[in-house]
Every structure is written in structure tokens, then in C-alpha cells.
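# Observations on chain architecture
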Amino acid sequence: MTRLLTRALIIRGVLLLLQYLTTALIPHYDTSAAEAYPDCPNWAKLGVGNWDAVYYTHLAQQGHLGYEKFGAFLPLYPWLLEQLSMMPCSMLVLGTFLNNVLFLLNTLLIKQLALSHGLSPAKSDQAALLFALNPASIFMGVLYTESLFCFLVTIGFLLRAKHSFLAAIPFALSAGIRSNGAVYAAFFLCDEFVTIFTTHHLSLTRFLKTTLSVALVPLPFLLFQRDFASLHCVGEPLPDWCTSGFSYGYIQRHYWGNGPFLYWELKQLPNFLLAAPMLLLVGVLTVQYLRRHSSLSDLVTRETVGYGHVTCLAVIALVNMNVQVVTRFLCSSCPLLFLYCTGLGKPWDRLILAYFCAYATTGTILFSTFYPWT
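The structure displayed is predicted, hence computed values, not measured ones.

Another aspect to go through is the state of the cysteines. Linking two cysteines covalently via their sulfur atoms produces the bond known as a disulfide. Taken as a whole and judged by the stated rule, the model has 1 disulfide. Disulfide pairing is shown between Cys 233 and Cys 242; the S-S distance is 1.9 Å. Residues Cys 233 and Cys 242 share a disulfide whose torsion about the S-S bond is about -95 degrees; that sign makes it left-handed. No disulfide involves Cys 190; its sulfur sits 8.8 Å from that of Cys 312, the nearest cysteine. By relative accessible area, which is 33% here, Cys 190 ends up partly exposed. Note on Cys 331: no disulfide assigned, nearest cysteine sulfur contributed by Cys 341 at a separation of 8.4 Å. When its relative accessible area of 0% is taken as the criterion, Cys 331 is described as buried.

Here you go:
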């Protein structure tokens, strides 16, 4: 474990050095993010406060009242930043430090997750190092939600591997950070179905625990919808979404262009090309898994639920989201992805490593200088 942590520290140190050199030597495409941290010296910024980080800093200071489009950002991460400091510069430095620590802890947790799924120590180290060098690693070390979200989700998967219903707690916390955290409720339903299918027995106690878990996981997200409506559904005219009280889908579509096939335009072709390696990787993993498990009885397993999660999120990102975010979306939401990548064989190992290295370095350079890399 010490050797793994040392390697992860070296990788993180190299990427941080690259951030420093990038911000020092390359002119920023957009310097407006600096206005959010007026008292911060240049050495403290390192490009970590760009893009969505500005929103999180604002929300930590002023909350969700005022701008409807802020409803796309859930409250738990801004609340955590508020607890660290109310000063923008301190918030930036402490929040970035915390995310880098969580990133290192995530690397160790990925190894434990791999071991809990029966991978050898060598394969487990490989999965952990792939995570440490993942193509969305820049988002794990800046003022974004990815690192904390992934930390909670990985703990949830570790508890799930032990068949513990306590997994509902970190999964529920993740649903207070990002909306797709609510999706993890489906794991309890699917695992219950697999248990019933394989044992031909329905346990009332287990069924009740499953029901409670399914109800608990999306609760933070649903409570946020209620509270956001109480802030914005007052006076006249009321926003269109107030009749349902559910703002998230409307805000994502109206302000961020998310919705079925809304992003499928010729001008977005570069973003589809940017997402293509991750989508191709998921496609290969899914096809290979289906080839190894051809019968129905082989497919009704907890492993299939994990593969299904990765595949479904990739399809959702392709059809319903700004497709270029699929890389960080999957890397932070699907820790099992790194386990699956170790099973493709040596030719794929080299391709995956080259892809991860290329995106980790390119993403660090472009994000740090406020060039489009989201």
C-alpha cells in the first residue's frame, strides 16, 4: 500500500507541477475566473478556480437564491466549502487541498475495491494506478465535486461488496452533491432481484432493508428540489417548472442545453470526438463482457449490474448531456470502470494507458488556462 501511495503521490506531483508551469507560461484564454478570487496570489490559483469552480465559490458564499440556473448545482459541496472558509482565497486553497487528499485516498480505496471483487494484488494495483492517472484527473484536483463524489461512491461500492445496506449512507450523501447520485438506489433493487433469482427465496427482512435503502439514497436530491422551489416559486410570474416543483430537468435543458439529442448538432462534432475514446472504451468493455456471459443465468449477477451501470451512464451522456463531460462523468461515478479496464489484455492495456496519459496531461494544460475542457 505504501508503494502504491508513493506512486500516486508522484503522479499527482507531476500533474501539479504541470499546472504550475502551464499557468506561469501560457496566457489564459479567459481571465475572468480570477475576479472571483481577488485576494489570492497567483501561486495559489494554479488554474484550479476555473469554470464551475466559480459557481461553487459563489454558492458557498451566497446560497442558491438569486439565479435560477444555479439549481443545476446541488448544495452539499458548496456547504462543505463554506465550512472550510468564507474567504474566497482560503476556500480555493483549502478546497483544492482537500480534493487532492481525497484523490489520493480514492486511489487506495480503488485497490481495496478491486481486492474485494476478487482481483489479484497485481491487478488491483493496476486498477488503482489507472485511477491515479485517469483521463479526468484534472477535475479530481481542482475546486470541483468529482473527487468528493467519487470518494463517497467508492465507499458505497466497498460496502456493497460486503453486502452491507450501510452503502445507502455514502450513496445518499453523493446524491446531495450531484444528481446522478440518486441512481445508486437502483443497485439495491437490482441486487435484490439477483438474490431472489439465484436463491429462489424472498427474505422479508432483506426486502424491507432494500426498500429503506431505495428510499434513502435519492432523499437529499429530492429535499433540494423542495427547498429550491420554496426559494424561487414565490411572487409573480412563477417559473414554468413550479407547477411540478421539480426544477432540475428544466434548468438543465433551458440553461445548459441538456436533453434528448439536443446536443446532436454538426457544430458539436469536436465535442463528440473528444468524448469518443471513453465511449469506445465502454463499448469494448460491454461487448467483451457479453461475449463471456452468453446465457441468461450467467447475466443475472451482481457483476452484470456493475457493467450495466457503466453502460447506461455512457448512453445517457451520449444522448442526453453535453457529451464532452462523459469522461469525468464516468471516471467519478463508476469506480468499477477501472477494475474492468484491467481485464481486457495487454494490447488494450497499452492503448488505455496511452489514452489516460494523453487526456490527463492535455486536460491539465487546457483546463488550467481556461481553454475549453469540461
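Every buried residue of helix 3 (residues 52-62) is accounted for by Asp 52, Ala 53, Tyr 56, Thr 57, His 58, Leu 59 and Ala 60. Taken together, the buried residues of helix 3 touch helix 4 (76-84), helix 5 (88-116) and helix 17 (326-333). Count one or two residues on from helix 3 and you reach Gly 63, which has phi positive near 80 degrees.

Summed over all chains, the structure comprises 37 aromatic pairs. Judged by centre distance (5.3 Å) and plane angle (85 degrees), the rings of Tyr 56 and Phe 73 are edge-to-face. Separated by 17 residues along the polypeptide, Tyr 56 in helix 3 and Phe 73 in the loop between helix 3 and helix 4 bring together distant segments of the chain. When the centroid spacing of 6.4 Å and the interplanar angle of 80 degrees are considered together, the rings of Phe 338 and Phe 356 count as edge-to-face. Of this pair, Phe 338 sits in helix 18 (residues 336-341) while Phe 356 is found in helix 19 (residues 346-368), placing the two residues 18 residues apart along the sequence. With a relative accessible area of 0%, Phe 356 lands in the buried category. Members of the aromatic cluster, connected to one another through ring pairs, are Tyr 55, Tyr 56, Tyr 67, Phe 70, Phe 73, Tyr 77, Phe 139, Tyr 144, Trp 256 and Phe 367. In this structure, Arg 178 is placed above the aromatic ring of Phe 149, and the distance from its NZ or CZ to the ring centre is 4.5 Å. In this structure, Arg 328 packs its charged tip against the face of Phe 139, placed 5.0 Å from the ring centre.

Quick notes on the rules
Residues numbered from 1 in each chain as written. Predicted model: local features only at pLDDT ≥ 70, side-chain atom pairs only at ≥ 80, totals over all residues. Heavy atoms only, no water. Disulfide = S-S within 2.5 Å. Buried < 20%, exposed > 50% of the residue type's maximum accessible area, 1.4 Å probe, protein only. Helix = DSSP H or I, 4+ residues; strand = E, 2+ residues; numbered from the N terminus. Contact = heavy atoms within 4.5 Å. Phe/Tyr/Trp six-rings, centres within 6.5 Å; stacked < 30°, edge-to-face > 60°. Lys NZ or Arg CZ within 6 Å of the ring centre and 35° of its normal.

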